[in-house]
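# A structural walkthrough
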Amino acid sequence: MNRSRRQTLQAAGGVGLYGALVAIGLLNPATVSAQAFDAAAFNAKTLADTLKALGAASPTESKDIVITAPDIAENGAVVPVSVKSNLAKTTQISLLVDKNPNLLAGTYDILAAAEPDVSMRIKMGQSSDVMALVKADGKYYMTKKEVKVTLGGCGG
Amino acid sequence: MADPMKIRATAKDGVVDVRVLMAHEMESGQRKDAAGKLIPAWHISEVTAALNGTPVLKAYWGPAISKNPYLSFKVKGAKAGDKISVSWVDNKGDKRTDEATVS
């Protein structure tokens, strides 16, 4: 009796949290856009879910990936980041931001003649770890770098 | 049709450095308008770059890429005079392709 009551309360609490998140705009069902690429990866909200959606359950830490980003970004709407992989046979580079509403910022497929060295500018909601996930020779490796943001880039 | 991209491709020691600046709003889907309604996400979802017609890089982007996105990458074995073409598709189906010559 007590047990079932507890479970009911937990379930209700879960729904309530989800509702609240939707209400304050953290989760927005309308942003679930149809994409050719696995949309689940872009909509995942936790690191574990994102990695799972990308097919990289437990990536190995690697020092052969170099993230170049400012230690302190003045404007979170425009944070220049470059990722370079020194691993042989790098075929894919993904960039994740730990505390963004959706972690995945972008995924790059490195085809034939391209070098595993890409630069971009990303939005960051708040100070957070920027993580690079690299697929090399069928295995996943990742590294991270902390970037402090003085002015957020998501939301108004 | 969106504004044209700015593409610069420069060859140095057998490696071509390609820099692309695209013109796009990249609305995150997190912001609200004056009435408090969420502005729907509108962002480039796919970028493809090709060297002389052969794809070299394919990017999948979420809304966390900054407004007017900048992308740079390197291509081996290209030389001056080669053609680099870049095309993008956004989540509303709009698309644009531009081409530049390696200098």
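Residues numbered from 1 in each chain as written. Chains lettered and ligands numbered in written order. Predicted model: local features only at pLDDT ≥ 70, side-chain atom pairs only at ≥ 80, totals over all residues.

Another aspect to go through is the nonpolar core. One finds Ile122 and Ala132 of chain A to be the most contacted residues of the largest nonpolar core, which totals 61 residues. For this core, the element with the highest residue contribution is strand β8 (residues 128–136) of chain A, accounting for six residues. Sequence-distant contacts of Ile122 of chain A, that is, excluding residues within four places in its chain, are made with Val79, Val81, Leu95, Val97 and Ala105 of chain A together with Ala64, Ile65 and Ser66 of chain B. (Core = buried A, V, L, I, M, F, W, Y, C linked by C-beta atoms within 7 Å. Buried ≥ 20, exposed ≤ 12 C-beta atoms within 10 Å, placed from the backbone. Helix = DSSP H or I, 4+ residues; strand = E, 2+ residues; numbered from the N terminus. Contact = placed C-beta atoms within 7 Å.)

All right, on to unusual backbone geometry then. Excluding glycine, most residues fall at negative phi; most peptide bonds, likewise, are trans. Residue and element names in this part refer to chain B. Here the phi dihedral of Asp13 falls at roughly 50 degrees; this positive angle occurs in a residue that is not glycine. Examined against the element boundaries, Asp13 turns out to sit in the loop between β1 (6–12) and β2 (15–21). A positive phi angle, close to 50 degrees, is found at Asn52, a residue other than glycine. Here Asn52 lies in the loop between β3 (44–51) and β4 (54–61). With 13 C-beta atoms packed within 10 Å, Asn52 lands in the partly exposed category.

Residue and element names in this part refer to chain B. Relative to the helices and strands, Met5 resides in the segment before β1. Sequence separation between Met5 and Val20 is 15 residues, and the spatial gap between their C-alpha atoms is 6.8 Å. With residues up to four places along the chain from it excluded, the contact list for Met5 reads Val20, Leu21, Met22, Val86, Arg96 and Asp98.

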